[in-house]
Amino acid sequence: MNSIKHIEQKYLKKEVPKFRIGDTVSVYLRIKEEGKTRTQIFEGVVIKRKGEGLKSTFTVRRISYGEGVERTFLLHSPFIEKVEIRKKGSVRRAKLYYLRKRKGKKYKVEEKIEREAPSAVQDAAS
């Protein structure tokens, strides 16, 4: 098993963004068409993460022209240029499959608000 992990180390990306389920992300994909290369952006809510190491995947869901579209990406794929976190989501589930049944405003994921520790701020002011 150690030899497999050792071989996988070469193909792992150095900088992987730390996003979680419920976050809204933009995935920048490199696509080849007729000898040309272009970048396509797929933006949506992360509904699933799975696996570890080189085999880790994540699924992003968005609504496009009234239809739900899901796409699964390999986290360490060479075709993914970058993953940008647009919004942090606050959810209590590991998989957000329930979003498949929701439409309109009910599809929204509550945004997580980052707060500073009040005691650290007060101690610094004193």
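None of the values given here were measured: they were computed from a predicted structure. (Residues numbered from 1 in each chain as written. Predicted model: local features only at pLDDT ≥ 70, side-chain atom pairs only at ≥ 80, totals over all residues. Heavy atoms only, no water.)

Quick notes on the layout of surface pockets
- Taken as a whole, the largest pocket spans an internal volume of roughly 300 Å³.
- As for the largest pocket, its lining consists of 16 residues, of which Thr24, Val45, Lys87, Lys108 and Val109 are closest to the centre.
- Mapped by element, the contributors of at least two residues to the lining of the largest pocket are strand 2 (36–50) and strand 3 (57–64).
- Ranked by residue count, the leading element in the lining of the largest pocket is strand 2, at three residues.
- Residue composition of the lining of the largest pocket, by class: three nonpolar, five polar and eight charged. (1 Å grid on protein atoms, 1.4 Å probe; cavity = no way out; pocket = protein on both sides within 12 Å on 5 of 7 lines; lining within 4 Å. Points joined across faces, edges and corners; volume = space filled by probe spheres on them. Helix = DSSP H or I, 4+ residues; strand = E, 2+ residues; numbered from the N terminus. Nonpolar A, V, L, I, M, F, W, Y, C, P; charged D, E, K, R; others polar.)

Considering the pattern of salt bridges
- In this structure the tally under the stated criterion is seven salt bridges.
- Among the ionic pairs, glutamate 33 bridges to arginine 38, the shortest N-O distance being 3.1 Å.
- Look at glutamate 33 and you get partly exposed, because its relative accessible area is 40%.
- Measuring nitrogen to oxygen at the nearest pair gives 3.0 Å for the salt bridge that ties glutamate 70 to arginine 61. (Salt bridge = Lys/Arg side-chain N within 4 Å of Asp/Glu carboxyl O. Buried < 20%, exposed > 50% of the residue type's maximum accessible area, 1.4 Å probe, protein only.)

Overview of the nonpolar core
- Core analysis: the largest hydrophobic core is formed by 13 residues, its most contacted members being Phe19, Val25, Val27, Phe58, Val60, Phe73 and Ile80.
- At the level of elements, strand 1 (24–33), strand 2, strand 3 and strand 5 (80–87) are the ones that each hand at least two residues to this core.
- For this core, the element with the highest residue contribution is strand 1, accounting for four residues.
- Beyond its immediate chain neighbours, meaning those up to four positions away, phenylalanine 73 contacts Val27, Leu29, Phe42, Ser56, Thr57, Phe58, Val60 and Ile80.
- Listed in part, the six residues of the second largest apolar core include Val45, Ile47, Leu96 and Leu99. (Core = buried A, V, L, I, M, F, W, Y, C linked by side-chain atoms within 4.5 Å. Contact = heavy atoms within 4.5 Å.)

Focus: the confidence of the model for the chain
- In this model, the chain carries a mean pLDDT of 87, and residues with pLDDT of at least 70 account for 92%.
- No element of the chain has a lower mean pLDDT than helix 2 (residues 118–125), which averages 61, and none a higher one than strand 2, which averages 95. (pLDDT = per-residue confidence, 0-100.)

Focus: the sheet that holds strand 3
- Taken together, five strands build an open sheet; the order of strands is 4-3-2-1-5 and the sheet is antiparallel. Each edge of the sheet is formed by a strand with only one pairing partner; in this case those strands are strand 4 (67–74) and strand 5. Between one strand axis and the next, the sheet turns through 40° on average, direction left out of account.
- Judged from the 10 bridges that link them, strand 1 and strand 2 form a sheet pairing that is antiparallel. What sits directly across from tyrosine 28, in strand 2, is isoleucine 41. (Pairing = 2+ DSSP bridges. Axes fitted to C-alpha atoms, helices over the stretch in contact; angles between N-to-C directions.)

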